Amino acid sequence: MKIVVIGGTGLIGSKLIKKLVEQRHEAIAAAPNTGVNTLTGEGLAEVLKGAAVVVDVSNSPSWEEAAVLKFFETSTRNLLTYEAAAGVRHHVALSVVGTDRLSDSGYFRAKIAQEKLITESSIPYSIVHATQFFEFLKGLADISMVGDKVHLPHVLFQPMAADDVASGVARVAVGQPVNGVVEIAGPQPFRLDELVRRRLASLKDPREVIADPNASYDGAKVSVKTLLPGNDAQLGETRFDTWLAQNAGTAVAA
Ligand SMILES: NC(=O)c1ccc[n+]([C@@H]2O[C@H](COP(=O)([O-])OP(=O)(O)OC[C@H]3O[C@@H](n4cnc5c(N)ncnc54)[C@H](OP(=O)(O)O)[C@@H]3O)[C@@H](O)[C@H]2O)c1
């Protein structure tokens, strides 16, 4: 099957391409540096020729409120238009567990807009909601700074390894469209502030992490269970301790 992966050069995209190729699919990475730009439409008609499935694991280069909204709205609209013309039979997009509960955040308003365009389009679809990636824990610290300290709420979340995210997305991409949401998550829940503290320690990053009841998650007010997946979530195998043992000292972009 020809499967085009938009954002196929990124953290999840590159792992996903590898897994699909191992399963003997024709998996094509599409991103600006392979000549495909979903914001301008450049290269889309050519790369989608003969594609059965499109998986969108792209991300906005800027998370500034207006820029991220423009990215997800414009690129999703362009993608769906070109997919309809090319006869694509399944649109798969990666989003985040709890997106609909996080609308105080500009980033999540953009993800909500992306999902709305997909659900309203005529193309059969599956939206994969993943929890936070282990690889994103340092990034989470970076976006949660107040002065020189990291402020995070003491809430539950159930993060997962990027490799398990890619496996979950691959599973959905080769299956039938669900015309709904599939949740994937890590094997264990943790407290947000505690895990970020452990990750920074493993990187010898000296920033102090404060458990702050007034802190937000990327601008969104969260309660203790807002970030947790539902009971039907498919769980990845990789435990945090195993991942940390393999990645201590190595910052991974996410
Ligand atoms: N971080 C988390 O914990 C988390 C949790 C759940 C879901 N997600 C979702 O996971 C998705 C992927 O995240 P990631 O960390 O794998 O992203 P990433 O590593 O930042 O990769 C982003 C990809 O998007 C591509 N891209 C950027 N602008 C583009 C454009 N105009 N046209 C086509 N492609 C473009 C990039 O290509 P270049 O490299 O050429 O710029 C790159 O391949 C996001 O949608 C995010 O919302 C994230």
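Refer to the structure above for everything that follows.
Here we summarise the structure given alongside this text. Predicted model, so just to flag it, every value in this text is computed and none were measured.

Thresholds applied
- Position labels on residues start from 1 in each chain and follow its written sequence.
- Per-residue local features are limited, in this predicted model, to residues with pLDDT of at least 70; the limit for side-chain atom pairs, both in listing and counting, is 80 or more; totals at the level of whole chains, interfaces and linings are taken over all residues.
- Based on all heavy atoms of the structure, the side-chain values leave hydrogens and waters out of the count.
- Throughout, nonpolar core names a set of buried Ala, Val, Leu, Ile, Met, Phe, Trp, Tyr and Cys residues whose side chains join them through atoms within 4.5 Å.
- Exposure categories follow from relative accessible area, calculated using a 1.4 Å probe and restricted to protein chains: below 20% of the type maximum is buried, above 50% is exposed, and the middle band is partly exposed.
- Helical segments are the DSSP runs of H or I of at least four residues, strand segments are the runs of E of at least two, and each set is numbered from the N terminus.
- Residue contacts are defined here by distance: any two heavy atoms, one from each residue, within 4.5 Å place the two residues in contact.
- Any carboxyl oxygen of Asp or Glu that lies within 4 Å of a side-chain nitrogen of Lys or Arg is treated as forming a salt bridge with it.
- Expected helix span is taken as 1.5 Å per residue step, with the number of steps being one fewer than the number of residues.
- For this quantity, the arc is that covered by the directions from the helix axis to the C-beta atoms.
- Points on a 1 Å grid over protein atoms alone make up a cavity when a 1.4 Å probe fits among them but cannot get out, and a pocket when they form an open set with protein on both sides within 12 Å along at least five of seven lines; lining residues each have an atom within 4 Å of a point.
- Grid points are joined across faces, edges and corners, and a volume is the space filled by probe spheres set on the points.
- Residue polarity follows a fixed list, in which Ala, Val, Leu, Ile, Met, Phe, Trp, Tyr, Cys and Pro are nonpolar, Asp, Glu, Lys and Arg are charged, and the others, Gly among them, are polar.
- The criterion for a residue being near a molecule or strand is simple. One of its heavy atoms has to lie within 4 Å of it.
- Any N or O atom pair separated by 3.5 Å or less is treated as a polar contact, with the protein-specific requirement of one donor-capable and one acceptor-capable atom, and with residues adjacent in sequence counted only for side-chain atom pairs.
- All accessible-area figures derive from a Shrake-Rupley calculation using a 1.4 Å probe, and residue coverage is judged against the displayed protein chains alone.
- A molecule is counted as occupying a cavity or pocket when more than half of its atoms fall within 2 Å of that pocket's grid points.

### Focus on the nonpolar core
Turning to step 1, where the next piece is worked out: In terms of nonpolar packing, the biggest core is built from 57 residues, with Leu16, Val55, Leu94, Val165 and Tyr217 touching the most fellow members.
Turning to step 2, where the next piece is worked out: For this core, the leading source of residues is helix α6 (residues 162-173), giving seven residues.
Turning to step 3, where the next piece is worked out: For Leu94, the contacting residues outside a window of four places in its chain are Ile12, Asp56, Val57, Lys111, Gln114, Val128, Ala130, Phe133, Val165 and Val169.
Turning to step 4, where the next piece is worked out: In this structure, Ile6, Leu44, Leu79 and Val88 belong to the second largest nonpolar core, which totals eleven residues.

### What about the pattern of salt bridges?
Turning to step 1, where the next piece is worked out: Enumeration over the complete set of coordinates arrives at ten salt bridges.
Turning to step 2, where the next piece is worked out: The salt bridge involving Glu208 is made with Lys149; its shortest N-O contact spans 4.0 Å. Residue Glu208 is located in the loop between α7 (192-202) and β11 (209-211), and its partner Lys149 is located in strand β7 (residues 149-152); the two are separated by 59 residues in the primary sequence.
Turning to step 3, where the next piece is worked out: Here Arg197 makes a salt bridge to Asp193, at a shortest N to O gap of 3.7 Å. With Arg197 and Asp193 both in helix α7, this residue pair falls four residues apart, about one helical turn.
Turning to step 4, where the next piece is worked out: Taken together, the shared-partner salt bridges connect Lys138, Asp142, Asp205 and Arg207 into one network.

### Section: the environment of Gly7
Turning to step 1, where the next piece is worked out: Along the chain, the position of Gly7 falls in the loop between β1 (2-6) and α1 (11-22).
Turning to step 2, where the next piece is worked out: Taking the relative accessible area as the measure of exposure, Gly7 reaches 13% and is therefore buried.
Turning to step 3, where the next piece is worked out: Between the C-alpha atoms of Gly7 and Val36, which are 29 residues apart in sequence, the distance is 9.4 Å.
Turning to step 4, where the next piece is worked out: Apart from residues no more than four positions distant in its own chain, Gly7 is found in contact with Gly13, Ala30, Val57 and Ser58.

### A look at helix α3 (residues 65-86)
Turning to step 1, where the next piece is worked out: Across its 22 residues, α3 extends 32 Å between first and last C-alpha, which sits within 8% of the 32 Å expected from 1.5 Å per residue.
Turning to step 2, where the next piece is worked out: Among the residues of α3, those classed as buried are Val68, Phe71, Phe72, Ser75, Thr76, Leu79, Leu80 and Glu83. The buried side chains of α3 occupy one side of the element, clustering within an arc of 130° when seen end-on. In α3, the exposed residues that point more than 90 degrees away from the buried face are Lys70, Thr81 and Ala85.
Turning to step 3, where the next piece is worked out: On its buried side, α3 packs onto β1, α2 (44-48), β3 (53-56), β4 (90-96) and α4 (106-120).
Turning to step 4, where the next piece is worked out: Just downstream of α3, Gly87 is the residue with a positive phi angle, here 75°.

### Brief notes about the layout of surface pockets
One way to see where empty space is left: roll a probe the size of a water molecule over the atoms.
Turning to step 1, where the next piece is worked out: In this model, the largest pocket occupies a volume close to 730 Å³.
Turning to step 2, where the next piece is worked out: Forming the boundary of the largest pocket are 38 residues, of which Val57, Ser58, Asn59, Tyr107 and Phe133 lie nearest the centre.
Turning to step 3, where the next piece is worked out: For the lining of the largest pocket, the elements supplying multiple residues, two or more each, are α1, β4 and α4.
Turning to step 4, where the next piece is worked out: Its residues assigned to classes, the lining of the largest pocket comprises 23 nonpolar, twelve polar and three charged.

### Considerations on the site of the ligand
Turning to step 1, where the next piece is worked out: The immediate surroundings of the ligand are formed by 27 residues, with Thr9, Leu11, Asn37, Tyr107 and Lys111 found nearest.
Turning to step 2, where the next piece is worked out: Note that an oxygen atom of the ligand is positioned 3.3 Å from one of the backbone N or O atoms of Gly7.
Turning to step 3, where the next piece is worked out: Within the contact set of the ligand, a nitrogen atom lies 2.9 Å away from a side-chain nitrogen or oxygen of Thr38.
Turning to step 4, where the next piece is worked out: Contact with the protein chains hides 85% of the accessible area of the ligand, taken as 950 Å² for the molecule alone.
Turning to step 5, where the next piece is worked out: In this structure, the ligand is accommodated by the largest pocket.
Turning to step 6, where the next piece is worked out: Of the residues in the shell around the ligand, the class split is 15 nonpolar, eleven polar and one charged.

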